[in-house]
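An overview of the molecular structure
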Amino acid sequence: MEKERRLIIAGNWKMNKTVAESIDLVNGLKRELANVKEVDIVVCPAYTALSEVSKSILDSQNIRLGAQNMSENNVGAFTGEIAAVMLKEFSVRYVILGHSERRQYQKESDELIARKALAAHTASLKPIVCVGETLAEREGGLMEKVLETQVRGSLAGLSREQMEETIVAYEPVWAIGTGKTASSAQAQEAHAFIRAQLVKLFDETTARRVRIQYGGSVKAANARELMGQPDVDGALVGGAALEVRSFADIIKNSI
Ligand code: PGA
């Protein structure tokens, strides 16, 4: 399948896996995916496993490291926080920002997420900025309004060059961890809407270069159809990223 943009498939391990379990998982992925060249593959373990997973993939040609969050600040008295430069020490290349779980439980705002995205770029980390509507918002006819506000707010202040190096993840909250996937048509519609916002905020060329991932109950069985949509440029995978077999199959089925 010829895609306009290179696919990027990331596993968000969330608060799962000890260090030993993380090493097992990434070693299994290395074995299964050694020959895959067509997709950017990213694993996002917990902070505590970044160091060891980073060592495990030193010799991998195709698996890259991501973090699940970072501070908007660079250094100082911010107890419990982790700065971008600290992630860089472990060769982290990507960082998930504004995941709906953080928007919900940590009350992260679009404004905070935008500051984090700028801080990530300053440290040469590529942010994966998450947006998505809840079920109530969708049913209330507010999907477009919510996506527009989140896209505008969470990407505020980025230059065109920075935007091109930013990944947007469309994750409808009602599809995360619920087993309910957006249909490929629903995903395509939302992705096209998000890209249209990027045209308004930046320009046509920039918008065309940005990769937009779909996230929410992605599994091997639905990956091919979702990735086949013209504006779906990858996936952000939660539950199915926790096992070698299911994550590897998602990637193989997407090629
Ligand atoms: P899920 O999670 O694949 O388990 O639905 C996706 C995510 O939260 O990134």
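Everything discussed here concerns the structure shown above.
A few points on the structure. What you see as residue numbers is a count from 1 along each chain, following the sequence as written. Local features in a predicted model are, by the rule used here, given only for residues with pLDDT of at least 70; side-chain atom pairs are given and counted only at 80 or more, and totals for whole chains, interfaces and linings are based on all residues. Hydrogens and water are ignored here; the side-chain numbers use all heavy atoms of the structure.

Thoughts on the overall build of the protein
Along the backbone of the protein there are 12 helices and eight strands. Taken over C-alpha atoms, the radius of gyration is set against a globule rule of 2.2 Å times the number of residues to the power 0.38. For 255 residues, the compact-globule estimate of 2.2 N^0.38 gives 18 Å, and the C-alpha radius of gyration of the protein, at 17 Å, lies within 12% of that figure. In terms of its C-alpha atoms, the protein occupies a principal-axis envelope of roughly 45 × 45 × 35 Å. Relative to its 255 residues, the protein shows a buried fraction of 53%. Strands are runs of DSSP state E lasting at least two residues, helices are runs of H or I lasting at least four, and both sets are numbered from the N terminus onward. Any residue under 20% of the maximum accessible area for its type is buried, any over 50% is exposed, and the rest in between are partly exposed; the area is computed with a 1.4 Å probe on protein chains only.

A closer look at the pairing of strand S4 (residues 92-97)
By the criterion of burial, S4 is predominantly enclosed, with five of the six residues buried. Of the pairings in the sheet, the one linking strand S3 (residues 63-67) to S4 comprises three bridges and is parallel in character. Pairing of Ala-67 across the sheet is with Val-95, part of S4. In this analysis, strands are considered paired if DSSP registers two or more bridges between them. Pairing analysis gives four bridges linking S4 to strand S5 (residues 126-131), with the strands arranged parallel.

A few points about the site of the ligand
A cutoff of 4 Å decides nearness: a residue is near a molecule or strand if any of its heavy atoms lies inside that distance of it. Neighbouring the ligand are 13 residues; Lys-14, His-99, Glu-171, Gly-177 and Ser-217 lie closest to it. Side-chain atoms alone can form a polar contact between residues adjacent in sequence; in general such a contact is a pair of N or O atoms within 3.5 Å, and within protein one must be able to donate a hydrogen while the other accepts it. One of the backbone nitrogen or oxygen atoms of Gly-238 is found 2.8 Å away from an oxygen atom of the ligand. Coverage of the ligand by the protein amounts to 95% of the 280 Å² it exposes when considered alone. Under the convention used here, a 1.4 Å probe and the Shrake-Rupley method define accessible areas, while residue burial counts only the protein chains that appear.

Side note on the sheet that holds strand S7 (residues 211-215)
Within a beta sheet, neighbouring strands are joined by backbone hydrogen bonds and run either parallel or antiparallel to one another. The parallel closed barrel is built from eight strands, whose spatial order is S1-S2-S3-S4-S5-S6-S7-S8. Pairwise comparison of adjacent strand axes, ignoring direction, gives a mean angle of 25° for this sheet. Across six bridges, strand S1 (residues 7-12) lies against strand S2 (residues 39-44) in parallel orientation. The partner of Ile-9 across the bridge, within S2, is Ile-41. Working rule for contacts: check all heavy atoms of both residues, and any pair within 4.5 Å makes them a contact. To get an axis, a line is fitted to the C-alpha atoms, and for a helix only the part in contact is used. The angle between two axes follows their N-to-C directions and goes from 0 to 180 degrees. Each of S2, S3 and S4 touches helix H2 (residues 47-56); the most contacted strand, S3, lies at about 160° to it.

Details of H2
Taken as a whole, H2 has its buried residues at Ala-49, Leu-50, Val-53, Ser-54 and Ser-56. What you see down the axis of H2 is that its buried residues fit within an arc of 145°, all on one side. Residues of H2 that are exposed and point more than 90 degrees away from the buried face comprise Thr-48 and Lys-55. The elements touched by buried residues of H2 are helix H1 (19-33), S2, S3, helix H3 (84-88) and S4. Working note: the arc is built from the helix axis to C-beta atom directions.

Quick notes on the packing of helix H7 (residues 143-154) against helix H9 (residues 184-201)
The interhelical angle for the contact between H7 and H9, taken along N-to-C directions, is 45°, at an axis separation of 10 Å. The orientation of H7 relative to H9 falls into the category oblique. Where H7 crosses over H9, the two elements pack in a sense that is right-handed. Mapping the contact onto sequence places Met-143, Glu-144, Leu-147, Glu-148, Val-151 and Arg-152 in H7 and Ala-190, Phe-193, Ile-194, Gln-197, Leu-198, Lys-200 and Leu-201 in H9. Just so you know the grouping, Ala, Val, Leu, Ile, Met, Phe, Trp, Tyr, Cys and Pro go in nonpolar, Asp, Glu, Lys and Arg go in charged, and all remaining residues, Gly too, go in polar. Considered class by class, the residues forming the contact of H7 with H9 number eight nonpolar, one polar and four charged. By definition in this entry, angles of less than 35 degrees are roughly parallel, angles greater than 145 are roughly antiparallel, angles of 65 to 115 are roughly perpendicular, and the rest are oblique. For any pair of crossing helices, the crossing counts as left-handed if the nearer helix is rotated counterclockwise from the farther one by less than a right angle, and right-handed if it is rotated clockwise.

Spatial relationships are all this shows, so hold off on functional conclusions.
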